[in-house]
Structure formats: structure tokens, C-alpha cells
Amino acid sequence: MSIIRMTDLDLRGQRVLIREDFNVPQDDDGNITDATRIEASLATIQKAMEMGGKVLLMAHLGRPKGERNDKYSLAPVAQRLGELLGKEVPLIRDWYDQVPAEVENLGEGDVALLENVRFHPGDTENDEAFSKQMAALCDVYVNDAFGTAHRAQASTYGVAQYASVAAAGPLLAKEIDSLTAALEDTRRPMVAIVGGAKVSGKLEVLKALTEKVDQLIVGGGIANTFLLAEGRNIGGSLAEADLVDEAKGVIDTCRAKGADVPLPTDVVVAKEFAAEAPVRTCPVEDVQDDEMILDVGPDTAARFADIVKGAGTVLWNGPLGAFELPQCADGTRTLSKAIAGSEAFSAAGGGDTLAAIAMTGITDRISYISTGGGAFLEWVEGKKLPAIAILEERAG
């Protein structure tokens, strides 16, 4: 893939506008509860500063719907960035229709943060005038936000059309390199794990994976729908009965090419979804009508772990069960440890997946952890991500 990389440019004295992903979770008082995305951006920001760039950061937070709303201000992000960088990071509040003095006065190695780009309705609409206004802020535009790469918006796509130079930041470049390695330079056998509540949310990626993988492991509510497709009783479990035929199609396609979709043979069930709810482990055929499946059982978890241990490549998106309930976390924990202990190249993405990785403390034992959820899935599907496509176009 031909793209311009920030690290290959001469940034000295250049105004460098970097689109980062600072869409971090906050509590009711606005305090940042997980700064992982901010911390992940530090290497890019520090590199641009070291290269003599006049660094201007841009990001969104929440869904302010094109209006100023203090609830979604990036002020807490600017404060946390300042703490992490060891220097003040000014927040520039009025920049949407002009090049403000704070931008004009940036010096080499300085850094500032623009207020939430989505306070302007033109961002999500990929408005041409707003895109040109952003381009006027910089000499070099850098996209470092893979998590937003699947959306053609002004701050991810439009500005890249009109900036003098458009490049990929180190985070984005690493995403591209790692996912390309996983999907195009695949070490066999290839195993994909897709968990989550609903088949409908991941149907297209499931179909795409049937053409790529040697084993497709499904978990969570998705597995329940697949069990239903195989004629198993799932009691009151979360499932999508209207997608049983789609699930059958995925199974049939995999088996026709010599792959498989191994399904749970034992499960953890409860009569209610609650942290204090009693659970029991039983064979799938013993699930009662008033019970819901909340995790895979130990035999199934061990079988899935053996599959992973023999893999050459592992793609992971989603837990095996309701791991947020302590009594229903063992399946996901067993799988996580198996991936961490495998010699396979492993790529993991999605919010719940990252939480599962953190739960088991295996962050440094996954080959690559993607910062994107929807973008990760669309890349796996084989879709062209707009924000990356425009960087390729500009490089050409």
C-alpha cells in the first residue's frame, strides 16, 4: 500500500495538523476513566515535536451533533495530555471559521489542541468549506486515528483532499502494516474469533471470514444463534431467530471449503443476567427453557484453546460470553490466555476485546492490538476505508 508516512517527511517549521482518536470514556463529572487512546497517541505527538513541527491536534469526543456543548469539551483531554507530555497543552476554542492567532503563533516543538471538531456540523457531513478551512490551518495533515478511518468525514477525509501534504501517522501506519500482515501475508492455519451480542451487527464480517479462515470460533449471543441454527435448545438465551438461515449459510460455507465453525458443547447458564445470579455448567442439550447461556463451559473453552494454540494467525473480535459478570468470565479468560501463549501472529480489536485483554493482563503478549472497532471489522471484511483510500490517492 502506497501512502506517505509522517516519519518520512521534513516537519521542521511546518504546521502539522494531526487527527487523533481522543474519544475517551468519562464519568458523570467529566473525569477521564480510561486514557488508553490518549496514551497511545503520545509517541506520534512527541515524534512530531522532536522533528520540529508546530503541532496542532484535532479530535472528537462524544456526539455533540454539530453544536457547542461543554459536556463534550476536550478540556479534560488537554489537561491529561499536558500531564503526560510534561508541558501545557493549550485548548484552542475558536477556530472553526478562521486561522486563530494561537495557531499563527505556534513555535517549533510547540503543541496545542483544537476544541472538539464535532462542535461544527460540517465534520460528520464531510463539508467542503469546513474541510478547506481545516486544510488552511496546516502545511501537513496527518491522520493517526484508525478508529475513525471507516468514515468519510471532514476531519478524516475532506481535509486530506485539500491539505498541501496528507500523510499517515505512526499509529495509523502500524495498523495498516499489522492488519495487512494478518490478512494478506497470513500464516496458516488462520483462526478467527468473533464474539458479541448479535449476528446482525457482524454478519458481513462473518461472511467475509468464511472465505479466509480455517476455523471460525463464535461466542456470546452470536454463538447462541448458531446453536439455534444447529437445532439446539438455548432456553431463554439472547439470539436472533430470524438470522438462523444466515448462520446456517456461514456454517455450510466454512464446511464446504474444509474449514469449521466449532460450537459449544457445554455452557454456563443462569436464570437471570446479574452479578449475583447463581450459575451452573451443563451440556448444551441440558439447557432448560427458563435458563440463558452466559458463557462457554470448561470443556468448550479448553477445545477452543487447543485450536488457538495450533494456529499460525489469530484474529480476535469479541468475548466468548458475558465476561463482565465474574461468574461468566472463565471462557473468555481461558481463550485470552491461550492466545497470549500461542506462537501465532495475533491481532485483536474492538472495545470489549480490549477490556477482556486488560482483564487477563495479556496486553504485551498480543502481537497487535487495534485501536479501532468498526474500522477493524470493516478492514477484515475487505472494505476500503475512506480515510486510508484518500491517503493512497494523495500519495499517488
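Scoring rules and cut-offs
- The residue numbers shown here count from 1 along each chain, following its written sequence.
- Given that the model is predicted, a residue must reach a pLDDT of at least 70 before its local features are reported, and side-chain atom pairs must reach 80 or more before they are shown or counted; all residues, however, enter totals for whole chains, interfaces and linings.
- Based on all heavy atoms of the structure, the side-chain values leave hydrogens and waters out of the count.
- When a carboxyl oxygen of Asp or Glu is within 4 Å of a side-chain nitrogen of Lys or Arg, the pair counts as a salt bridge.
- Burial status follows relative accessibility: with a 1.4 Å probe on protein chains alone, a residue under 20% of its type maximum counts as buried, one over 50% as exposed, and anything between as partly exposed.
- The secondary structure listing takes helices from DSSP runs of H or I that are at least 4 residues long and strands from runs of E that are at least 2 residues long, numbered from the N terminus.
- The pairing test for Phe, Tyr and Trp rings, Trp by its six-membered ring, is centres within 6.5 Å, and the orientation test on the planes gives stacked under 30 degrees, edge-to-face over 60, and tilted for anything in between.
- Distance and angle both matter: a charge sits over a ring if NZ of Lys or CZ of Arg is within 6 Å of the ring centre and within 35 degrees of the ring normal.
- What makes two strands pair is DSSP finding at least two bridges between them.
- When the strands point away from the viewer, a crossover counts as right-handed if the route from the first strand across the helix to the second turns clockwise.
- Between the N-to-C directions of two axes lies an angle of 0 to 180 degrees, each axis being a line fitted to C-alpha atoms and, for a helix, fitted only over the stretch in contact.
- Here is the rule for angles: anything less than 35 degrees is roughly parallel, anything more than 145 is roughly antiparallel, 65 through 115 is roughly perpendicular, and the remaining ranges are oblique.
- For any helix crossing, the convention is left-handed if the near helix is rotated counterclockwise from the far helix by under a right angle, and right-handed if that rotation is clockwise.
- The contact criterion used is simple: two residues touch if any of their non-hydrogen atoms lie within 4.5 Å.
- Each residue receives one of three labels: charged for Asp, Glu, Lys and Arg, nonpolar for Ala, Val, Leu, Ile, Met, Phe, Trp, Tyr, Cys and Pro, and polar for the others, Gly being one of them.

Q: Looking at this structure, how should I read the pattern of salt bridges?
A: Scanning the model with the defined rule gives 19 salt bridges in all. Linking D123 and R118 is a salt bridge whose minimum nitrogen-to-oxygen distance equals 3.4 Å. The exposure class assigned to D123 is buried, which follows from its relative accessible area of 0%. A salt bridge links E378 to R151; its shortest N-O distance comes to 3.8 Å. Of this pair, E378 sits in helix α13 (residues 374-381) while R151 is found in the loop between β5 (140-143) and α5 (154-162), placing the two residues 227 residues apart along the sequence. Under the relative-accessibility criterion, E378 is labelled buried at 18%. Take R151: its relative accessible area is 40%, and that puts it in the partly exposed class.

Q: So what exactly am I meant to see when it comes to the packing of aromatic side chains here?
A: Aromatic ring pairs: the centre-centre distance and the angle between the two ring planes describe each pair. Going through the model one piece at a time under the given rule, you end up with three aromatic pairs. Through successive ring pairs, a cluster of aromatic residues spans W95, Y96 and F130. The residue whose ring lies beneath K132 is Y162, and the NZ or CZ to ring-centre distance is 5.2 Å.

Q: Please clarify how the pairing of strand β7 (residues 190-194) should be interpreted in this entry.
A: Remark: a regular strand shows side chains that alternate across the two faces of the sheet. Counted residue by residue, β7 has five buried out of five residues, so it is predominantly covered. As defined by bridge partners, β7 adjoins strand β12 (residues 313-317) across five bridges and the pair is classed as parallel. Residue pairing in the sheet places A192 in a bridge with L315 of β12. Viewed along the sheet, the connection from β7 through helix α7 (residues 203-210) into strand β8 (residues 215-218) turns out right-handed.

Q: How do you make sense of unusual backbone geometry when you look at a structure like this?
A: Most peptide bonds adopt trans geometry, and most residues besides glycine take a negative phi value. A cis geometry characterises the amide bond from R188 onward to P189, with omega recorded as -5 degrees. Checked against the element boundaries, P189 lands in the loop between α6 (170-183) and β7. Residue K65 is not a glycine yet carries a positive backbone phi of 60 degrees. Along the chain, K65 turns up in the loop between β2 (54-58) and α2 (75-85). The class for K65 is exposed, based on a relative accessible area of 75%. If you check the backbone angles, N126 has positive phi at about 50 degrees while not being a glycine. Note on placement: N126 falls in the loop between β4 (111-114) and α4 (128-135).

Q: Honestly, the packing of α7 against helix α9 (residues 244-256) in this entry has me stumped. Any pointers?
A: α9 packs onto α7 with a crossing angle of 15 degrees between their chain directions and a minimal axis gap of 9 Å. Taken together, α7 and α9 sit at an angle that is classed as roughly parallel. Once α7 is placed against α9, the crossing between them reads as left-handed. Of the residues in α9, those touching α7 at L203, L206, K207 and T210 are E246, V250, T253 and C254. Class assignment of the residues belonging to the contact of α7 with α9 gives a composition of four nonpolar, two polar and two charged.

Q: Honestly, the sheet that holds β4 in this entry has me stumped. Any pointers?
A: Hydrogen bonding along the main chain pairs the strands of a sheet, whether they run parallel or antiparallel. Sheet architecture is open: six strands sit in the order β3-β4-β2-β1-β5-β6, paired in parallel fashion. Only two strands of the sheet have a single neighbouring strand rather than two, namely β3 (91-92) and β6 (165-168). Bridge count for strand β1 (residues 15-19) against β5 is four bridges, and the pairing is parallel. Paired with I18 across the strands is V142, a residue of β5.

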